[in-house]
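Structure assessment
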2 protein chains.
Amino acid sequence: MPLKETFLSLKKAQALLALQNRSQKDAALLAAAAAIDGARAAVLSANAADVERARRGGMKDALVDRLFLDGRRVDAMIEGIKTVADLEDPVGRVKAGWKTPDGLFIEECTVPLGVAAIIYESRPNVTADAASLAYKAGCAILLRGSSAALDSNRAITAAIKQGLKAGGGIAEAVELADSGDHGDVDEILSARGLVDVALPRGGHDLIRRVVENARVPVIETGEGNCHIFVDASADIPEALDIVENAKVQKPGACNAVETVLVHREILSAFMPALAARLAGRVELRCDAASKAAVSGSGEYPAGLRVKDAVEEDWTEEFLDYILAVKTVDSVDQAIEHINRCGTRHSEAILGNDMKNAETFCQKVDAACVYVNASTRFTDGGMFGFGAELGISTQKFHARGPMGLDALTTIKYRISGRGHIRGGQ
Amino acid sequence: MPLKETFLSLKKAQALLALQNRSQKDAALLAAAAAIDGARAAVLSANAADVERARRGGMKDALVDRLFLDGRRVDAMIEGIKTVADLEDPVGRVKAGWKTPDGLFIEECTVPLGVAAIIYESRPNVTADAASLAYKAGCAILLRGSSAALDSNRAITAAIKQGLKAGGGIAEAVELADSGDHGDVDEILSARGLVDVALPRGGHDLIRRVVENARVPVIETGEGNCHIFVDASADIPEALDIVENAKVQKPGACNAVETVLVHREILSAFMPALAARLAGRVELRCDAASKAAVSGSGEYPAGLRVKDAVEEDWTEEFLDYILAVKTVDSVDQAIEHINRCGTRHSEAILGNDMKNAETFCQKVDAACVYVNASTRFTDGGMFGFGAELGISTQKFHARGPMGLDALTTIKYRISGRGHIRGGQ
């Protein structure tokens, strides 16, 4: 049906879903998980068709791998839904309650945000993740995946809807935008009053496009040009472990480090050790001083790749085995660089100087500021939120790793005994 | 200076303001209040010029009154700033803190939202209110008032900035957009990355214009097509007091009632009493059944004005001595009407049937739902928030009466001891 009608039907379904209690929602989610288990064959053959089409279309292997599903990945999808069922219900909580001087009793309660729309790229598992998270939060959701994954998403969504129905839930609260038409996205982004939040999930270009064009509320996620500042007071072996972890463990993650800022006083001791640690694995893009500190150390580690950093290196999210290195003279210079070049995601200071750590944490404008830890911990799972909706890099409504709360809002319930307002 | 430069200067000032502690901010605010007191003559003569110009331009008296300042209103402005200084500091609060299984210590702290911009109409007191609220929350603010109040706003802003400076504060955190050029507003609304929130304050058209055109986060405020549902179980004298209060005490307020929904079972008893209570003061726009119930009662109160309601009456915010009346057969019919015609502001049920009250509170989609109380209580002051930023009718970021918290966001502070992430 046309998207406008889909929105209206989602709104209706959401009103019903909002009245379901936790055990009803969890039962429906577990039935959906079982339904995907039961539909393995259909899901895998649909996915095979997508993969085949993508290969014929000349899609890069890395992207094909994102699209690809096998038994293990289907298992993970099913486990993900079960995890969401295990999460606390984010709605129906009384966040605050008080009596006013007039004797009115006011309660601030959490309620579902409403109708969500997620616009994402080729990973089919996002279909199950997003549907289950929204359902648990009492939100109806429109799933707008990439056309490359259309067959997979159709099979997964069909299984979820059938499962929700079988589990006594509201199947109409989950819909797939499957026209494959690109106009869909613009229609979603301009659906004021019908879509309460749009969630872009994917690469830089997708997120930009959504953020620039949205007429509905958006939660911007994922862009991470993250920094680690190695203070003069840093413990070098510890700093090497943290920088290696933040860069190498998963370079494609948004919380991976892209630029290391090194205090000039520690440069000559730290850089040769860093070069030795990353040689053959990571390309360094150094400013003049840090480059000199590497070569100045006499022996040059085998397989080390060092380039001269250019201006763009300070703002690019490499998502690759590349690390920019810049020399700074003080914590304030590091902070100035981070606030100018960063994406407000995750920023770390390594060192043992308490004043510098406090200055860094207070002055750096980012969702997450770290002292003596890897930026890789910025993650809903690591934070203990269970499943994660994404990592918000905006300040409005939600910031940092988002659990289910990001899909809720509040409602004030006010109880009186015939109260009327006096005065003016 | 051009607005772009103003934004950059506000951003710089905000970074400094964010580091001020509560006593520094309060001292600056109290000095600003004193400065307005000292600048009374200048403020009043500037306002006299605005009023004179407005009268010559043929502005309606009601609007001229909004623009007009006298000693009493200047006193109120000064008191307002002192009230804000008395409020708790909304930033620097640790909302939550926990240790992760890895032993990382995570704290969720409140921080200022950043740079705010308020776009408002002729009331000059909004200049002082908004400036002081933003300052207290650690936000820099751009004030974009109506050109009709330009001289008044210039005088007030000059006094505030001089006072902030004298009080050791950051005068550059408050700026007035005083070009009088309408392009200003579009420039504000498209200043992504420079403006963290835009606050429209004024009539329907202003708010619509801002919401429809904003490229920056917006908090939509003020539109209130509020309803009161008089259930069959209502106590009639109490219901009459509440409806009268909600309609008559301040008809121009957004929390005033515009439509009363009456349960058919109580119609014949309630309507004649309501007509008698409001005769000569409020025009009724009734559906057929409620109109018949009025006239059917035999004697027709002197001065009563009753019209047949037309479709538009169900969606219009009269802001006047006009009340629409509709007959419904059940609480669900009342809820359906409210969710279709309301503006998600404030909705009330009057009665003694607990199930109906619970159904109403759960199913009505609004910022504030009332049981046996007047909708006029939806107000930051009445809620106990001290000063108020406005009443949000959106679900995103802030909902209902907004205190200073609406101008804050959060930052996660994570402390480790050399923590690196294991696994995948």
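Let me begin by describing the structure that accompanies this report. (Residues numbered from 1 in each chain as written. Chains lettered and ligands numbered in written order. Predicted model: local features only at pLDDT ≥ 70, side-chain atom pairs only at ≥ 80, totals over all residues. Heavy atoms only, no water.)

1. So, the nonpolar core
Core analysis: the biggest nonpolar cluster contains 152 residues, and Ile36(A), Leu143(A), Leu407(A), Phe7(B), Ile36(B), Leu143(B) and Leu407(B) have the highest contact counts within it. The contacts of Leu407(A), once residues within four sequence positions are left out, are Pro112(A), Leu113(A), Ala116(A), Leu133(A), Ala134(A), Ala137(A), Cys139(A), Val197(A), Leu199(A) and Leu389(A). (Core = buried A, V, L, I, M, F, W, Y, C linked by side-chain atoms within 4.5 Å. Buried < 20%, exposed > 50% of the residue type's maximum accessible area, 1.4 Å probe, protein only. Contact = heavy atoms within 4.5 Å.)

2. A word on the pattern of salt bridges
Residues and elements named next belong to chain A. Following the criterion strictly, the structure yields 78 salt bridges over all chains and no others. Of the charged contacts, one joins Asp186 and Arg209 as a salt bridge, the two residues approaching to 3.4 Å between their closest N and O atoms. Pair noted here: Asp186 is in helix 8 (residues 183-189) and Arg209 is in helix 9 (residues 204-213), with a separation of 23 residues, a long-range link. Asp186 gets classed as partly exposed once you look at its relative accessible area, which sits at 41%. (Salt bridge = Lys/Arg side-chain N within 4 Å of Asp/Glu carboxyl O. Helix = DSSP H or I, 4+ residues; strand = E, 2+ residues; numbered from the N terminus.)

3. A short note on the pairing of strand 16 (residues 408-419) of chain B
Where burial is concerned, most of strand 16 of chain B is hidden: nine out of the 12 residues are buried. Bridge analysis of strand 13 (residues 368-373) of chain A against strand 16 of chain B gives five bridges, and the strand direction is parallel. Along strand 16 of chain B, the bridge assignment pairs Cys368(A) with Tyr412(B). Note: strand 2 (residues 105-112) of chain B against strand 16 of chain B, eight bridges, orientation antiparallel. (Pairing = 2+ DSSP bridges.)

4. Topic: the relation of the copies chain A and chain B
Both copies of the chain are tied together by a single rotation about an axis and a shift running along it. Expressed as a screw transformation, the operator carrying chain A onto chain B has a rotation angle of 180° and an axial translation of 0.0 Å, and the superposed copies differ by an RMSD of 0.0 Å. Accordingly, the operation relating the two chain copies is best matched by a two-fold axis. Taking C-alpha positions as reference, the residue of chain A nearest the rotation axis is His397(A), located at 1.9 Å. In this assembly, 100% of the residues forming the interface of chain A have copies in chain B that are likewise at the interface, indicating an isologous arrangement. (Least-squares fit on C-alpha atoms with pLDDT ≥ 70 in both.)

5. Concerning the sheet that holds strand 6 (residues 197-201) of chain B
All names here are of chain B. On the basis of which strands lie adjacent, the open sheet formed by four strands has the order 5-4-3-6 and parallel pairing. Each edge of the open sheet carries a strand with a single partner, namely strand 5 (174-176) and strand 6. Between one strand and the next, the sheet's axes are offset by a mean angle of 20°, whatever the strand orientation. (Axes fitted to C-alpha atoms, helices over the stretch in contact; angles between N-to-C directions.)

6. What to know about helix 2 (residues 22-38) of chain A
Residues and elements named next belong to chain A. In this model helix 2 runs 24 Å from its N-terminal to its C-terminal C-alpha over 17 residues, within 8% of the 24 Å that 1.5 Å per residue would give. For helix 2, the set of buried residues is Lys25, Asp26, Ala28, Leu29, Ala32, Ala33, Ala35 and Ile36. Residues of helix 2 that are buried make contact with helix 1 (3-17), helix 3 (40-56), helix 5 (71-86), helix 6 (125-136) and helix 7 (150-166). (Expected span 1.5 Å × (residues − 1).)

7. Quick look at the packing of aromatic side chains
Taken as a whole, this structure holds 12 aromatic pairs over all chains when the rule is applied. On the basis of an interplanar angle of 85° and a centroid distance of 5.2 Å, the ring pair of Tyr412(A) and Phe383(B) is categorised as edge-to-face. Of this pair, Tyr412(A) sits in strand 16 (residues 408-419) while Phe383(B) sits in helix 15 (residues 380-383), which puts the two residues in different chains. Here the aromatic residues Trp98(A), Tyr412(A), Phe383(B) and Phe385(B) are joined through ring pairs into a cluster of three or more. Lying over the aromatic face of Trp314(A), Lys326(A) brings its terminal NZ or CZ to 5.5 Å of the ring centre. (Phe/Tyr/Trp six-rings, centres within 6.5 Å; stacked < 30°, edge-to-face > 60°. Lys NZ or Arg CZ within 6 Å of the ring centre and 35° of its normal.)

8. Regarding the interface of chain A and chain B
Residue-level contacts link 72 residues of chain A with 72 residues of chain B. Taking both partners together, chain A and chain B bury about 5900 Å²; carbon and sulfur atoms supply 53% of that area. Across the contact surface, chain A and chain B share six salt bridges. The partner of Glu220(A) in a salt bridge is Arg192(B), with the nearest N and O atoms 3.7 Å apart. Put simply, chain A and chain B have 43 residue pairs in polar contact (both at pLDDT 80 or more) between them. Secondary-structure elements contributing two or more residues to the side of chain A that touches chain B are strand 2 (105-112), helix 9, helix 10 (236-248), helix 14 (354-363), strand 13, helix 15 (380-383), strand 15 (400-402) and strand 16 of chain A. Among the elements that line the side of chain A that touches chain B, the one with the most residues is strand 16 of chain A, at 11 residues. Its residues assigned to classes, the side of chain A that touches chain B comprises 32 nonpolar, 20 polar and 20 charged. (Buried area = accessible area lost by both parts, 1.4 Å probe. Polar contact = N/O pair within 3.5 Å; in protein donor to acceptor, adjacent residues only side chain to side chain. Nonpolar A, V, L, I, M, F, W, Y, C, P; charged D, E, K, R; others polar.)

9. Quick notes on unusual backbone geometry
Of note, His397(A) is a non-glycine position whose phi angle comes to about 75°, a positive value. One can find His397(A) in the loop between strand 14 (390-392) and strand 15. A positive phi angle, close to 55°, is found at Asn372(B), a residue other than glycine. As for its placement among the helices and strands, Asn372(B) is situated in strand 13 (residues 368-373).

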